[in-house]
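# Structural overview
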Amino acid sequence: MAAPLEEVWRWLGEVPDPEIPVISLTDLGIIRDLAYEGETLVVTVTPTYSGCPATSIINLDIERALRDRGITDLRLERRLSPPWTTDWVTAEGRAKLAAYGIAPPVDGTAADGRLAGRIARLAGGGNLTIACPRCGSTKTEKISQFGSTPCKASYRCTDCLEPFDYFKCI
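Residues numbered from 1 in each chain as written. Predicted model: local features only at pLDDT ≥ 70, side-chain atom pairs only at ≥ 80, totals over all residues. Heavy atoms only, no water.

### Observations regarding the sheet that holds strand β3 (residues 74-78)
The strand order β1-β2-β3 describes an open sheet built from three strands, whose pairing is mixed. Lying at the two open borders of the sheet, with one neighbouring strand each, are β1 (31-37) and β3. Each neighbouring strand pair of the sheet contributes to a mean axis angle of 20 degrees, computed without reference to strand direction. Of the strand pairs in this sheet, strand β2 (residues 40-45) and β3 are connected by five bridges, and their pairing is parallel. Bridged to Thr 44 within β3 is Glu 77. Contacts between helix α1 (residues 5-12) and the sheet are confined to β1 and β2, with β1 contributing the most and set at about 140 degrees to the helix. (Pairing = 2+ DSSP bridges. Helix = DSSP H or I, 4+ residues; strand = E, 2+ residues; numbered from the N terminus. Axes fitted to C-alpha atoms, helices over the stretch in contact; angles between N-to-C directions. Contact = heavy atoms within 4.5 Å.)

### What about empty space enclosed by the protein?
The final tally for this structure, using the stated rule, is one cavity of 30 Å³ or more. Roughly 70 Å³ of volume is contained in the largest cavity. Partitioning the lining of the largest cavity into residue classes produces eight nonpolar, one polar and two charged. (1 Å grid on protein atoms, 1.4 Å probe; cavity = no way out; pocket = protein on both sides within 12 Å on 5 of 7 lines; lining within 4 Å. Points joined across faces, edges and corners; volume = space filled by probe spheres on them. Nonpolar A, V, L, I, M, F, W, Y, C, P; charged D, E, K, R; others polar.)

### Description of the sheet that holds strand β4 (residues 102-103)
Strand order in the open sheet formed by four strands is β4-β7-β6-β5, with mixed pairing between adjacent strands. On the outer flanks of this sheet lie β4 and β5 (140-144), each paired with one strand and no other.

### A closer look at the packing of aromatic side chains
Tallied over the full model, the rule gives three aromatic pairs. Considering the side-chain rings of Tyr 155 and Tyr 166, the 5.6 Å spacing of their centres and the 75 degrees angle between planes classify their relative orientation as edge-to-face. Of this pair, Tyr 155 sits in strand β6 (residues 152-157) while Tyr 166 sits in strand β7 (residues 163-167), and the two are 11 residues apart along the sequence. You can call Tyr 155 buried: its relative accessible area is 9%. Joined through ring pairs, the aromatic side chains of Tyr 155, Phe 164 and Tyr 166 make up one cluster. (Phe/Tyr/Trp six-rings, centres within 6.5 Å; stacked < 30°, edge-to-face > 60°. Buried < 20%, exposed > 50% of the residue type's maximum accessible area, 1.4 Å probe, protein only.)

### Things to note about α1
Val 8, Trp 11 and Leu 12 are the residues of α1 that are buried. In a view along the axis of α1, the buried residues occupy a sector of 95 degrees, so they form one face of it. In α1, those exposed residues whose orientation departs by more than 90 degrees from the buried face are Glu 6 and Arg 10. Those residues of α1 that are buried are in contact with α2 (25-28), β1, β2 and α3 (55-67). (Arc of directions from axis to C-beta.)

As structure tokens, then:
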């Protein structure tokens with residue numbers, strides 16, 4: 001008998017992202033769909049970006065989690081369109097990132113059709129305000145566009161002087 005999809009979603013909600021273990025794959029929004037095709041469970045995964053180095057580990061972790069719960073007929077499908085966006089990170093995921101010390105993506109800055117404003121921000125223009133996940137101050141500065149992983153940038157709070165990662169908007 002096939003496991004109900006709601007239960008499979010719960011199981012996958014326990015699988016941590018390998019680069020940021022405080023957030024689950026479902027909180028990150030990369031598991032796009034679950035469906036049965038006959039007896040086969042099809043899990044559709046959209047990586048955070050096409051070159052994400054953690055993609056193969058993520059797929060192995062998904063397979064392991066489901067096989068450990070008795071799912072033997074399983075297929076993972078990679079879907080690149082539409083591309084993943086930080087808008088898909090759940091509210092719970094954003095809260096987990098902040099509690100872990102990573103500033104979550106700023107709402108409304110992902111690629112959602114407001115391309116001109118996004119281009120200006122990425123080029124260093126605009127007034128994107130990143131709050132420090134430690135003290136909450138908005139007096140922060142970008143140290144580097146590149147953080148501890150490709151999906152993060154390095155920032156520093158000018159109030160508490162602590163460095164932190166910002167989960168970049170994609």
